[in-house]
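# Survey of secondary and tertiary structure
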Amino acid sequence: MECKELQKLLSPFVDNELGAHDAFMVAEHLEVCTPCHHEMETLRCFDDQLKTAGRIPIKGMEDFRLRILDMISPWGWARRWRGLGAAAAVLMFLVIGPQIFSAPSDPETDAFSQSLISEVQLNINQPFSLPWLDPQSLQHVLRQEGLSEIPSLAPAGFHFEGGRVSNPLSRSFIQLVYRNSNEEISLFVSRRWDRPFSGTIKREGFTIVPLGIRAVFLVTKDSLSNFVDTRQVAEEEINALSS
Amino acid sequence: MRNRASFENEAVPHLEALLRTAVRMSGDRARAEDAVQETYLRAWRSFRTYQPETNCRAWLFRILVNVIKKTVGKRRHDPLAEAEEVETSTKVIPLFPNADGGERRDIQGALDQLTPEFRNVLWLVIVEGFAYKEAAQMLDIPIGTVMSRLYRARRELRRFLTTSVSQEKERASGHGV
């Protein structure tokens, strides 16, 4: 291969775009031709400089990212007010936090929340240990518990995985499990639970929130990124489906 | 199921690369942001049909290039189509229509001096790391054109930078003052 012939192949060679035969011919030539080898090194160096110069971080990316997320989110308002909401939450926590978080409420609520968490952990660690209800049976038991349909949490990004009967504190609850690509949440529904607690309970990396006045509890991991959206969607859905 | 969480995981991480490219291609931050917003809106609307095993980044860039082409086309004649016409009629596209005698000798400045046809290919392949085939699909040009534009753009960009540096050296040593 002549040096002149090689010149036009150098560009695709450094981009790994040559076929095996041509790449071999070029590599063979480069091994014995110092000027061409130098030319190839210069080309690579030039590309590196261009990459470095081109990939300078852009200012204001976080704001722009939030704008994009807002645009695709039906709950964009929640994000827009998240900063203010966080400040309000801190203030609320300082004022009434001790009453909510540190108050052990009563031993039964404590035991109940612990029991809900155990049910969730059971599903995470041994997903097939409790049988899923078939869709027809699930609709039937949900109606008995006062919900006309399976709540959809799709607007919060979670799809319904399945429903089963679980028994925290030996009380019969319907556990509805939802999932997105990397998180799992559960709704526990029971009309027979007559000691609804208020506020949020955090324990062992989980958050438990009662949804409205009904005995429906949302159990999530503390790390849930869109907790505000999820809670809002679940609450509205439960209210809409409650008979 | 293709939901918002998957969209956030798969599409949103490419936001900065898309904005960077849009700024390069449209030459203006505000127009670039509009184009990227439009890109994400279109991508979100058709995300249900997006196949997870395909290259999300290349898919987004294809949408972006189309959006920019359309917005540029609204403002004036499509420079890409114009350039294609010129190229196929064997006329030479000027690589540095705004060259100002090497005033801007940095690599970013030199890149700005390139005509969009050459700059876009160089940008997509070298800076963003797309394969020739992907760049060809995005820009809607034959793969051979990608190769020839890259070859010429690299050569001319280097020549431009080298000339600028030597002119600067001459000025510094007192010649040409």
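Calculation notes
The residue count restarts for each chain, going from 1 along the sequence in the order it is written. A letter from A marks each chain and a number from 1 marks each ligand, given out in the order of writing. Where totals are concerned, whole chains, interfaces and linings use all residues; where local detail is concerned, this predicted model gives features only for residues with pLDDT of at least 70, and gives and counts side-chain atom pairs only at 80 or more. Water and hydrogen atoms were dropped before computing side-chain values, which therefore reflect all heavy atoms in the structure. What counts as a helix is a DSSP run of H or I of at least four residues, what counts as a strand is a run of E of at least two, and both are numbered from the N terminus. Every residue pair with non-hydrogen atoms within 4.5 Å of one another is taken to be in contact. Residues adjacent in sequence count toward polar contacts only when both atoms are side-chain atoms; beyond that, a polar contact is any pair of N or O atoms within 3.5 Å, and within protein one must be able to donate a hydrogen and the other to accept it. Two strands pair if DSSP finds at least two bridges between them. Axis lines are fitted through C-alpha atoms, for helices just across the contact stretch, and the angle between N-to-C directions can take any value from 0 to 180 degrees. Put simply, a nonpolar core is a bunch of buried Ala, Val, Leu, Ile, Met, Phe, Trp, Tyr and Cys residues held in one set by side-chain atoms that sit within 4.5 Å of each other. Accessibility here uses a 1.4 Å probe with only protein chains present; expressed as a share of the type maximum, an area under 20% marks a residue as buried, one over 50% as exposed, and anything in between as partly exposed. Using a 1.4 Å probe, buried area is obtained as the accessible area two parts lose upon being combined, added over both of them. Basic side-chain nitrogens of Lys or Arg form a salt bridge, by our definition, when they fall within 4 Å of a carboxyl oxygen of Asp or Glu. Pairing of aromatic rings covers Phe, Tyr and Trp, the last counted by its six-membered ring, and requires centre-to-centre distances within 6.5 Å; plane angles under 30 degrees mean stacked, over 60 mean edge-to-face, and any other angle means tilted.

Residue and element names in this part refer to chain A. In this fold, E237 is placed in helix α9 (residues 227-241). Sequence-wise, E237 and S152 are 85 residues apart; in three dimensions their C-alpha atoms are separated by 7.0 Å. Aside from chain neighbours lying at most four places away, what touches E237 is P151 and S152. From its side chain, E237 meets the backbone nitrogen of S152 in a polar contact 2.9 Å long.

Residue and element names in this part refer to chain A. Ordered in space as β1-β2-β3-β6-β5-β4, the 6 strands form an open sheet in which the pairing is antiparallel. The two strands at the open ends of the sheet, each matched to only one other strand, are β1 (159-166) and β4 (201-203). Each neighbouring strand pair of the sheet contributes to a mean axis angle of 20°, computed without reference to strand direction. When β4 meets strand β5 (residues 206-210), the two strands line up antiparallel, connected through 3 bridges. Within β5, the position partnered with K202 by the bridge is T207. Along the sheet, helix α7 (residues 107-125) makes contact with β1, β2 (173-179), β3 (184-189), β4, β5 and β6 (216-221), crossing β5 at roughly 120°. Along the sheet face, α9 touches β3, β5 and β6 and points at about 30° away from the line of β5.

Attention now goes to the nonpolar core. The biggest cluster of nonpolar side chains holds 60 residues, and the ones touching the most others in it are V36(B), Y40(B) and L122(B). Top element by residues in this core is helix α4 (residues 56-75) of chain B. It accounts for 10 residues. Excluding its chain neighbours within four sequence positions, the residues that come into contact with V36(B) are F64(A), I68(A), L15(B), L18(B), L19(B), A22(B) and L64(B). In terms of nonpolar packing, the next biggest core, distinct from the first, is built from 21 residues, L147(A), Y178(A), L187(A) and L211(A) among them.

Glancing now at the interface of chain A and chain B. Residue-level contacts link 43 residues of chain A with 38 residues of chain B. For the pair chain A and chain B, the summed buried area comes to about 3,600 Å², and 64% of that belongs to carbon and sulfur atoms. For the chain A face of the interface with chain B, the top three residues by lost area are F46(A), L50(A) and I72(A), together amounting to 18%. Between the two partners, chain A and chain B, sit 4 salt bridges.

Further remarks concern the side chain of R57(B). All names here are of chain B. Position of R57 among the secondary structure elements: in helix α4. At 2.6 Å, the side chain of R57 and the side chain of E128 are in polar contact. If we skip the residues at most four places from it in the chain, R57 touches H14, A17, E128 and F130.

Right, let's get into the packing of aromatic side chains. All chains considered together, the criterion is met by 8 aromatic pairs over all chains. Aromatic side chains F160(A) and Y178(A) sit 5.4 Å apart centroid to centroid with 65° between the ring planes, which places their arrangement in the edge-to-face category. Of this pair, F160(A) sits in strand β1 while Y178(A) sits in strand β2, and the two are 18 residues apart along the sequence. The class of Y178(A) is buried, set by a relative accessible area of 0%. When the centroid spacing of 6.1 Å and the interplanar angle of 90° are considered together, the rings of F7(B) and Y40(B) count as edge-to-face. Of this pair, F7(B) sits in helix α1 (residues 4-10) while Y40(B) sits in helix α3 (residues 29-45); the two residues are 33 residues apart in sequence, bridging distant segments of the chain. Residue F7(B) shares its accessibility class with Y40(B), and that shared class is buried. Connected via pairs of aromatic rings, a cluster forms that spans F7(B), Y40(B), W44(B), F47(B) and W59(B).

These figures capture arrangement, not role.
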